[in-house]
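Chain residues, written in single-letter form:
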Amino acid sequence: MRDTFLPFARPSLGEEEIQEVVATLRSGWITTGPKTEKFAAAFADYVGGRFAVPVSSATAGLHVALLALGVGPGDEVITTPMTFVATLNTIVHCGAVPVLVDIDAATLHLLVDQVEERLTKKTRVILPVHFVGQPADLDPLLALAASRGIAVLEDAAHAVGTEYKGRRIGSFPTTSVFSFHPNKNITTGEGGMVVADDEGVFERASLLKFHGMDREAWKRFAKEGSPRYDVEVPGYKYNMMDIQAALGIWQLPRLEGFLQERGRLAARYDQALSDTAGLILPQRVPYPARHAWHLYTPLVDLDRLTISRDQFMAELKSRNIGTGLHYTAAHEFSYYARTFGWSPEDFPEAHFVSERIVSLPLFPGLSDADQDDVIAAVGDVLGRHRR
């Protein structure tokens, strides 16, 4: 057994990131400023998007994106229960109603053919989630949305570097929101990015992210700026800081290497665990895609085991192997069950996955020896608890 604890995720930061943060601290300007703009422009260029709005988190990004798309009280937003709860929380914060569509238990994505059944006159947005780094099937969703005059908002928190049919997520005629949390494919400590194809959405999201003010602070207080500003709407305090962007400026050029290493580690898991009874390995989508491997999420095959998924995770922890739970299906949390009357069985495929999914350690810098420890521990735990 390992002597030290292995976390399921760890950020990969180089000396350049550290020096850029130090230089930012020494510059005297540490909040939103030129480095934030530089990172936003570089990110938009990378994903192939027209406009980018840097924000304090992907949650903040989803909130301002929904508002910028006109979502408000009484509207409905169609999404998946298999997502981080921020996806639903931000819909509720807008006064809107989340309308859920079950998932394909193999790919973990919402069932596209059921989306049309959920459409009503109140539907304002379809919100697919590019789960664990694999893209949702966008073409039919875009066609459906265009035929009904509604918007598509991509929850791309897991999808920095993901591609759908040869195009990067962020390059489609939608609005998409990315995350730079420390366990994501690149990090700014905390932070996110709204990428918009529509200039009106970009302008509205830009306004909402900082108090509804028509000038950022650094454009007011710099020598060439003016201290006067107008407040056009009552906005929020969702701005990214230059301290955060200093990390992103150097993380972005490393992304391709990160993606290659994540893919290599995922392939090692696939090969080593392919014949492991009691584990269902992650499945691929049937259309052309580049998987960004934000997470490696097999399902624990409860029908073949005498323990639950949570007990499986606890046994790995006792062997110094960290894991993650991504996620408990959102409709099963007490607030959502109570507010909307949902029960686990309302979305049976999401419930099935929610009871079984586990995230194994996966990050650039995970050594083959560390990964071998994970593989050995998984095999040992499953071997001890097979039916």
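Residues numbered from 1 in each chain as written. Predicted model: local features only at pLDDT ≥ 70, side-chain atom pairs only at ≥ 80, totals over all residues. Heavy atoms only, no water.

A. Seen up close, the overall build of the protein chain. Check the secondary structure of the protein chain and you find 13 helices and 12 strands. Taking 2.2 N^0.38 as the reference for a compact globule, 387 residues should give roughly 21 Å; the C-alpha atoms of the protein chain span a radius of gyration of 21 Å, in line with that estimate. If one aligns the C-alpha atoms of the protein chain with their principal axes, the spans along those axes are about 70 × 55 × 40 Å. The contacts in the protein chain between residues at least 6 apart in sequence include a share of 72% that link residues at least 24 apart. (Helix = DSSP H or I, 4+ residues; strand = E, 2+ residues; numbered from the N terminus. Rg over C-alpha atoms; globule rule 2.2 N^0.38 Å. Contact = heavy atoms within 4.5 Å.)

B. Structural context of the confidence of the model for the protein chain. On average, the protein chain scores 96 in pLDDT, and the residues at 70 or more come to 97%. Mean pLDDT across the elements of the protein chain bottoms out in helix α8 (residues 217-221) (51) and peaks in strand β5 (residues 151-156) (99). (pLDDT = per-residue confidence, 0-100.)

C. Layout of the packing of helix α3 (residues 58-68) against helix α4 (residues 86-93). Running from N to C, α3 and α4 point in directions that differ by 40°, and their axes come no closer than 9 Å. Accordingly, the angle class assigned to the pair α3 and α4 is oblique. Pair α3 / α4 crosses with right-handed handedness. Residue-level contacts link Thr-59, Leu-62, His-63 and Leu-66 of α3 to Ala-86, Thr-87, Thr-90, Ile-91 and His-93 of α4. Of the residues that constitute the contact of α3 with α4, the class distribution is 4 nonpolar, 5 polar and no charged. (Axes fitted to C-alpha atoms, helices over the stretch in contact; angles between N-to-C directions. Parallel < 35°, antiparallel > 145°, perpendicular 65-115°, else oblique. Left-handed = near helix turned anticlockwise from the far one by under 90°. Nonpolar A, V, L, I, M, F, W, Y, C, P; charged D, E, K, R; others polar.)

D. Geometry of the sheet that holds strand β11 (residues 289-290). An order of β7-β6-β11 is seen for the 3 strands of this open sheet, with the pairing classed as antiparallel. In this open sheet, the two edge strands, each paired with only one partner strand, are β7 (167-168) and β11. Of the strand pairs in this sheet, strand β6 (residues 163-164) and β7 are connected by 2 bridges, and their pairing is antiparallel. Within β7, the position partnered with Glu-163 by the bridge is Arg-168. (Pairing = 2+ DSSP bridges.)

E. Quick peek at the pairing of strand β1 (residues 51-55). Counting buried residues along β1, 5 of its 5 residues qualify, which places the element largely inside the surrounding structure. Both β1 and strand β9 (residues 192-196) contribute to a ladder of 5 bridges, which runs antiparallel. Its bridge partner being in β9, Pro-54 is matched across the sheet by Met-193. (Buried < 20%, exposed > 50% of the residue type's maximum accessible area, 1.4 Å probe, protein only.)

F. Main features of the environment of Thr-24. Along the chain, Thr-24 falls in helix α1 (residues 15-27). Look at Thr-24 and you get buried, because its relative accessible area is 1%. It is 34 Å that separates the C-alpha atoms of Thr-24 and Gly-322, two residues lying 298 residues apart in sequence. Among all residues touching Thr-24, those that are not within four sequence positions of it are Trp-29, Ile-30, Lys-35, Asp-242, Ile-243 and Ala-246. At 2.8 Å, the side chain of Thr-24 and the side chain of Lys-35 are in polar contact. (Polar contact = N/O pair within 3.5 Å; in protein donor to acceptor, adjacent residues only side chain to side chain.)

G. Up close: the packing of helix α10 (residues 309-318) against helix α13 (residues 368-384). Remark: α10 packs on α13, axes separated minimally by 10 Å, with the N-to-C direction vectors making an angle of 130°. Looking at the two axes, α10 sits oblique to α13. In terms of crossing hand, the pair formed by α10 and α13 is right-handed. Judged by residue contacts, Phe-312, Glu-315 and Leu-316 of α10 engage Ala-377, Val-378, Val-381 and Leu-382 from α13. Taken together, the residues of the contact of α10 with α13 break down into 6 nonpolar, no polar and 1 charged.

H. Fine view of α10. All of the buried residues in α10 are Arg-309, Phe-312, Met-313 and Leu-316. End-on view of α10: buried residues confined to an arc of 95°, all on one side of the axis. Capping of α10 at its N-terminal end is provided by Ser-308; its side-chain oxygen lies 3.4 Å from the backbone amide nitrogen of Asp-310. A positive backbone phi angle near 70° is found at Asn-320, which sits one or two residues after α10. (Arc of directions from axis to C-beta.)

I. View of the pairing of strand β8 (residues 175-179). Of all the 5 residues making up β8, 5 are buried; the element is thus mostly covered by neighbouring parts of the structure. Both β5 and β8 contribute to a ladder of 4 bridges, which runs parallel. Within the sheet, the bridge partner assigned to Leu-153 lies in β8 and is Thr-175.

J. A look at the environment of His-130. In this structure, His-130 sits in the loop between β4 (123-126) and α6 (138-148). Measuring from C-alpha to C-alpha, the distance between His-130 and Ala-267 comes to 20 Å, with 137 residues separating the pair along the chain. Sequence-distant contacts of His-130, defined by excluding residues within four places in its chain, comprise His-109, Pro-135, Ala-136, Leu-138, Glu-154, Asp-155, Ala-156, His-158, Ala-159 and Ile-169. Of the polar contacts made by the side chain of His-130, one reaches the side chain of Glu-154; its length is 2.7 Å.

K. Unusual backbone geometry, seen in detail. A cis amide bond links His-326 with the next residue in sequence, Tyr-327, at an omega value of 0°. Relative to the helices and strands, Tyr-327 resides in the loop between α10 and α11 (334-340). Notably, His-211 is not glycine yet its phi reads approximately 65°, a positive angle. Locating His-211 in the fold gives a position in the loop between α7 (199-208) and α8. Residue classification places His-211 among the partly exposed residues on the basis of a relative accessible area of 34%. We note that Asn-320 has phi near 70°; this positive angle belongs to a residue other than glycine. Among the secondary structure elements, Asn-320 is positioned in the loop between α10 and α11.

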